[in-house]
Amino acid sequence: MPEKALTSPIRCAIVGYGPTFNFGWVHARWIEAVPDLKLVAICDRDPSCLAKAQSDWPSVDAHLDLREMLQRDDIDLVSVVTQHNTHAAIVIECLNAGKQVVVEKPMCLNTAEATAMIDAAQAAGRSLSVFHNRRRDGNVRAIREVIEQGRLGRVFHIEVSACGYGKPGAAWRSSKEVCGGALYDWGAHAIDWVLSLVPSRMTQVTGFFHKLLWPDVSNEEQTRAIILFEDGTVGEIMQSSLAMVGKPLWRILGTKGAIEDSGAGAIEGYCREIIGPSIGSFRLVTEEGETQVPYKESDWVTHYADLADHLLRGAPAPVSAEDGRRVISVLETAERSARSGRSETPPYV
Ligand SMILES: NC(=O)c1ccc[n+]([C@@H]2O[C@H](COP(=O)([O-])OP(=O)(O)OC[C@H]3O[C@@H](n4cnc5c(N)ncnc54)[C@H](O)[C@@H]3O)[C@@H](O)[C@H]2O)c1
């Protein structure tokens with residue numbers, strides 16, 4: 001719970017209004033959709049991105065310089081929507097300036113950075129949370145419901161895979177230095193899904209990383225992390241751009257049932273409508289037979305509504321900084337394991 005007393009509407013700023021997924025714009029849409037939040041400023045160090053922000057949001061102040069924006073005392077909350085290797089420094093600067101902060105996934109590049117960010121939040125008495133919005137994907141919400149209803153019995157194996165074949169693009173997401181590695185982008189969501197579905201601590205992480213084909217891409221081409229939990233559950237996350245034969249996005253095994261899900265359509269329309277229509281379903285096989293379970297809505301905007309509840313009324317943060325650090329702990333430990341050739345113990349379990 002932040003120490004600073006806030007009143008509604010919370011005055012919000014966004015750092016990062018880049019063109020890749022228009023995600024600064026998407027954050028702005030979500031903020032504006034929540035009555036307890038009000039967008040007052042956008043910062044991007046690239047003048048062309050800032051010009052786009054000015055044209056999209058003419059009544060919102062635009063800043064090229066983060067430090068200058070942070071000097072304003074009419075900003076309560078900053079959303080950090082920048083490249084992965086910039087998260088730690090920007091977040092700490094915002095916290096030191098007295099702002100509440102929500103940072104895009106992955107929280108940062110390693111657990112040392114994550115701990116420094118958490119320490120900065122504690123020292124400043126401010127809230128830090130991580131934007132793992134994709135816990136609210138329509139298929140993930142429906143999968144969670146089926147597991148919580150006990151229809152799979154005791155879940156002991158969860159696989160999440162994104163496989164394809166093709167040279168990763170040249171933008172920063174293929175650069176290990178900027179992105180963190182092939183598992184840091186989509187893989188951060190997948191690891192968060194698995195950690196949030198398994199009610200147990202981790203004991204070991206094993207990583208298998210392959211860098212085999214494209215010399216001008218510094219990220220690995222295939223990464224695989226296998227997590228062993230204290231209760232015996234195994235989670236496996238795979239991201240491959242070297243797989244000419246793929247796997248389903250989700251494959252979950254329990255003692256009384258199983259789920260197979262392609263994920264097709266799960267987040268359809270999220271930008272256009274903010275709340276995406278659910279247009280898919282997954283396969284549920286139990287002793288009673290086989291059925292298709294429809295996806296729920298992808299309600300990503302609820303992440304911001306819950307964040308407002310947290311800041312104004314003391315509700316838990318939608319995804320805590322400690323949860324964000326657990327994801328980073330898996331990413332970091334998978335790479336350590338891939339190097340050592342052994343299973344390794346994650347520093348945060
Ligand atoms: N949660 C999701 O579903 C989801 C989807 C897409 C992107 N993301 C995340 O959003 C983040 C941004 O990704 P993107 O695709 O929008 O990147 P992008 O490259 O399109 O945009 C990043 C912007 O940040 C700006 N920037 C960087 N450092 C800055 C600084 N110090 N001051 C001001 N501006 C600065 C850059 O100029 C750039 O315009 C990443 O963490 C990414 O993983 C999350």
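Residues numbered from 1 in each chain as written. Predicted model: local features only at pLDDT ≥ 70, side-chain atom pairs only at ≥ 80, totals over all residues.

Right, let's talk about the sheet that holds strand β2 (residues 37–43) for a bit. Across the sheet, which stays open at both edges, the six strands sit in the order β3-β2-β1-β4-β5-β6 with parallel pairing between neighbours. Taken across any chain shown, the strands that pair with only one partner, and hence form the sheet edges, are β3 (61–63) and β6 (128–131). Neighbour-to-neighbour, the strand axes of the sheet open up by a mean angle of 25 degrees, direction not taken into account. Note: strand β5 (residues 100–104) against β6, four bridges, orientation parallel. Looking at β6, one finds that Glu-104 is bridged to Phe-131. (Pairing = 2+ DSSP bridges. Helix = DSSP H or I, 4+ residues; strand = E, 2+ residues; numbered from the N terminus. Axes fitted to C-alpha atoms, helices over the stretch in contact; angles between N-to-C directions.)

This part takes up the site of the ligand. Inspection of the region around the ligand gives 26 residues, with Gly-16, Gly-18, Thr-20, Thr-82 and Glu-104 positioned closest. Tallied by class, residues from the shell around the ligand come to eleven nonpolar, eight polar and seven charged. (Near = placed C-beta within 6 Å. Nonpolar A, V, L, I, M, F, W, Y, C, P; charged D, E, K, R; others polar.)

Domain assignment breaks the protein chain into domain 1 (10–131) and domain 2 (135–299 + 329–340). Inter-centroid distance (C-alpha atoms) of domain 1 to domain 2 is 27 Å. In this complex, domain 1 contributes 14 residues to the contact, which on the side of domain 2 involves 14 residues. For the side of domain 1 that touches domain 2, the leading source of residues is helix α1 (residues 23–33), giving four residues. (Domains from an automatic or database assignment. Contact = placed C-beta atoms within 7 Å.)

On to unusual backbone geometry. In the segment running from Ser-8 into Pro-9, the intervening peptide bond is cis, with an omega of 0 degrees. When you line up the elements, Pro-9 lands in the segment before β1 (10–15). In this model, Lys-105 is joined to Pro-106 through a cis peptide bond whose omega is -20 degrees. Looking at the secondary structure, you find Pro-106 in the loop between β5 and α5 (111–124). Located in the positive-phi region is Asn-22, a residue other than glycine, with phi close to 50 degrees. By secondary structure assignment, the location of Asn-22 is in the loop between β1 and α1.

The strand order across the open sheet built from eight strands is β8-β9-β10-β7-β11-β12-β13-β14, with neighbouring strands paired in mixed fashion. Both outer strands of the open sheet, β8 (202–210) and β14 (289–294), are each paired with one neighbouring strand and no more. Here the average twist between neighbouring strands, direction ignored, is 10 degrees. The pairing of strand β7 (residues 155–163) with strand β11 (residues 250–254) spans five bridges and is classified as antiparallel. Bridging across to β11, Glu-159 finds its partner in Arg-251. Across the sheet, helix α11 (residues 321–340) is in contact with β8 and β9 (222–229); its angle to β8 comes to roughly 60 degrees.

Quick look at the packing of helix α8 (residues 186–197) against α11 now. Two packed helices can be described by the angle between their axes and the distance between those axes. Close contact between α8 and α11 brings their axes to 9 Å; oriented N to C, the two are set at 115 degrees. With respect to α11, the axis of α8 lies roughly perpendicular. The two elements α8 and α11 cross, and the hand of that crossing is right-handed. Facing α8, whose interface residues are Ala-188, Ile-191, Asp-192 and Leu-195, α11 presents Arg-326, Val-327, Val-330 and Leu-331. For the contact of α8 with α11, a count of residues per class yields six nonpolar, no polar and two charged. (Parallel < 35°, antiparallel > 145°, perpendicular 65-115°, else oblique. Left-handed = near helix turned anticlockwise from the far one by under 90°.)

Time to look at the nonpolar core. Formed by 97 residues in total, the largest nonpolar core has its most connected members in Ala-13, Val-91, Met-117, Ile-191 and Val-194. It is α11 that contributes the most residues to this core, seven residues altogether. Inspection of this core shows a minimum of three residues originating in each of domain 1 (10–131) and domain 2 (135–299 + 329–340). (Core = buried A, V, L, I, M, F, W, Y, C linked by C-beta atoms within 7 Å. Buried ≥ 20, exposed ≤ 12 C-beta atoms within 10 Å, placed from the backbone.)

What follows covers helix α4 (residues 87–96). Of all ten residues in α4, seven are buried; the element is thus mostly enclosed. Contact partners of the buried residues in α4: β1, α3 (66–70), β4 (77–80), β5, α5 and β6. The first or second residue beyond α4 is Gly-98, which carries a positive phi of 90 degrees.

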